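# What the coordinates show
Spelled out from the first residue to the last, the chains are:
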Amino acid sequence: MSQGKYKFTLTPFYVIVFILFFSCQKKNKTYFEAIAINDVKLSTTPKPGSWRYNHDERFQQFEDFQRSKKIKPEPGKNTIYLQPIGEFTELQKKEIELTKEYLKIHFQLETKILPIISNSIFPKTVKRIFKDEQEQVLAGYVLDSVLMKRKPKDAIVLMGITERDLFPKPEWNYVFGFASYENGVGVTSIYRFANGHLTDSNFNESLTRLMKISSHEIGHMFGISHCLNANCVMNGTNTLTETDFHYARACSLCQRKLNSSIPYDNKKRLLELKNFFEKHHLNSELARTEQDLNLLQ
């Protein structure tokens, strides 16, 4: 056999091998590896006043997450409940209803709203007037004396939502959210999300903040630590400016952690998020969701 003929017959063989090899490599890429290209890495030098600047936290690898103590949905205990506490306007009730819809999609778990509880449940001993302006409620009391006693038997998480400002302890000014992760209860206040007054003009801004803080706190309950991987809903936050800067999107690593505890269909979740963001004109989050979906085509 001539050398020319030998090369001629082998060349197509190697072409096929290379095609098959790279084709298999592409097919074997996981969902999380695929969307990781859309992760926006955090700055190596956090700004003064930011959460990372003031807190020296350890990076939670996926293996760390797997070993950590956390709650997981199980048969008969797999529903997220929202407990409104206070006196709400119709616009605020709409905000809570949309947050319920969002959390159902974000976590792919049944999510329900419980009947509203009046502010009269708070005794004077757990209330204070902050800077001679708004009334604040002690966040720990909401968890221990209100939510823990009312947590439904089928609840994996009970998240209180109040229109009153919250404070965690006397020396602190206020807090956006507060939670007992091992008990699966938390509370967030919508007071500061709309600067004390929710209107049509600031509705989407306030809604996005409530979605982020609620999903952040519930993410902690499912064992996810503050994210140091990328711009992510699980980033720590000190201010509303920092909250606004963080995405509602969970980064690829935090999605992997969540999905290991809640085995949902990732593409189905993305499509539902796309529809939600599109319907409610949350355009920045819609664009990020579409970027992830485009990588799955």
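Located above this text is the structure these notes cover.
## Describing the pattern of salt bridges
Throughout the structure, instances matching the rule amount to 15 salt bridges. Across the pair Glu-90 and Lys-93 runs a salt bridge whose closest N-O atoms are separated by 3.3 Å. Remark: Lys-93 and Glu-90 occur in helix H5 (residues 90-107); sequence separation between them is three residues, near one turn of the helix. Lys-93 sits in the partly exposed class, given a relative accessible area of 35%. Among the ionic pairs, Arg-249 bridges to Asp-292, the shortest N-O distance being 2.8 Å.

## Regarding the environment of Ser-118
When you line up the elements, Ser-118 lands in the loop between strand S2 (111-113) and strand S3 (127-129). Its relative accessible area of 33% is what places Ser-118 among the partly exposed residues. The spatial distance from the C-alpha of Ser-118 to the C-alpha of Asp-244 is 30 Å, given a sequence separation of 126 residues. Looking at Ser-118, its side chain comes within polar contact range of the side chain of Glu-87, at 3.5 Å.

## Focus on helix H7 (residues 203-221)
Between its first and last C-alpha atoms H7 spans 27 Å; for 19 residues at 1.5 Å apiece the expected length is 27 Å, and the two agree. Of all 19 residues in H7, 17 are buried; the element is thus mostly enclosed. In the segment just after H7, Gly-223 is the residue with positive phi, at about 100°.

## Here we look at helix H9 (residues 252-261)
Across the ten residues that make up H9, a large majority, eight, are buried. Along H9, the residues that are buried comprise Ser-252, Leu-253, Cys-254, Gln-255, Lys-257, Leu-258, Asn-259 and Ser-261.

## Observations concerning the sheet that holds strand S4 (residues 135-138)
Spatially, the three strands line up as an open sheet ordered S3-S4-S6, and their pairing is mixed. Of all the strands in the sheet, just S3 and strand S6 (165-167) have a single pairing partner and so form its edges. Shown here is a sheet whose adjacent strand axes are inclined to one another by a mean of 40°, direction ignored. Pairing between S3 and S4: three bridges, direction antiparallel.

## Section: the packing of aromatic side chains
In the structure shown here, the tally under the stated rule is nine aromatic pairs. Aromatic side chains Phe-276 and Phe-277 sit 5.9 Å apart centroid to centroid with 75° between the ring planes, which places their arrangement in the edge-to-face category. As far as the burial class goes, Phe-276 and Phe-277 line up, both buried. Ring pairs connect the aromatic residues Tyr-102, Phe-276 and Phe-277, which therefore count as one cluster. Sitting above the plane of the Tyr-174 ring, Arg-192 keeps its charged end 3.6 Å from the centroid. Arg-256 extends its terminal NZ or CZ atom over the ring of Phe-62, reaching a point 3.7 Å from the ring centre.

## Focus on the environment of His-246
Summarising the element assignment, His-246 is placed in the loop between helix H8 (240-245) and H9. Spatially, the C-alpha atom of His-246 lies 9.1 Å from that of Gly-236, the residues being ten residues apart in sequence.

## A word on the pairing of strand S1 (residues 79-85)
Of all the seven residues making up S1, seven are buried; the element is thus mostly covered by neighbouring parts of the structure. Alternating residues of S1 divide into Thr-79, Tyr-81, Gln-83 and Ile-85 and Ile-80, Leu-82 and Pro-84, and every residue in both groups is buried. Here S1 runs beside strand S5 (residues 155-162); their pairing, made up of seven bridges, is parallel. What sits directly across from Leu-82, in S5, is Met-159. Taken together, the three bridges between S1 and S2 define a ladder with parallel strand orientation. Considered in S2, the bridge of Leu-82 is made with Ile-113. For the segment spanning S1, H5 and S2, crossover handedness is right-handed.

Analysis parameters
Residues numbered from 1 in each chain as written. Predicted model: local features only at pLDDT ≥ 70, side-chain atom pairs only at ≥ 80, totals over all residues. Heavy atoms only, no water. Salt bridge = Lys/Arg side-chain N within 4 Å of Asp/Glu carboxyl O. Helix = DSSP H or I, 4+ residues; strand = E, 2+ residues; numbered from the N terminus. Buried < 20%, exposed > 50% of the residue type's maximum accessible area, 1.4 Å probe, protein only. Polar contact = N/O pair within 3.5 Å; in protein donor to acceptor, adjacent residues only side chain to side chain. Expected span 1.5 Å × (residues − 1). Pairing = 2+ DSSP bridges. Axes fitted to C-alpha atoms, helices over the stretch in contact; angles between N-to-C directions. Phe/Tyr/Trp six-rings, centres within 6.5 Å; stacked < 30°, edge-to-face > 60°. Lys NZ or Arg CZ within 6 Å of the ring centre and 35° of its normal. Right-handed = clockwise from strand over helix to strand, strands pointing away.

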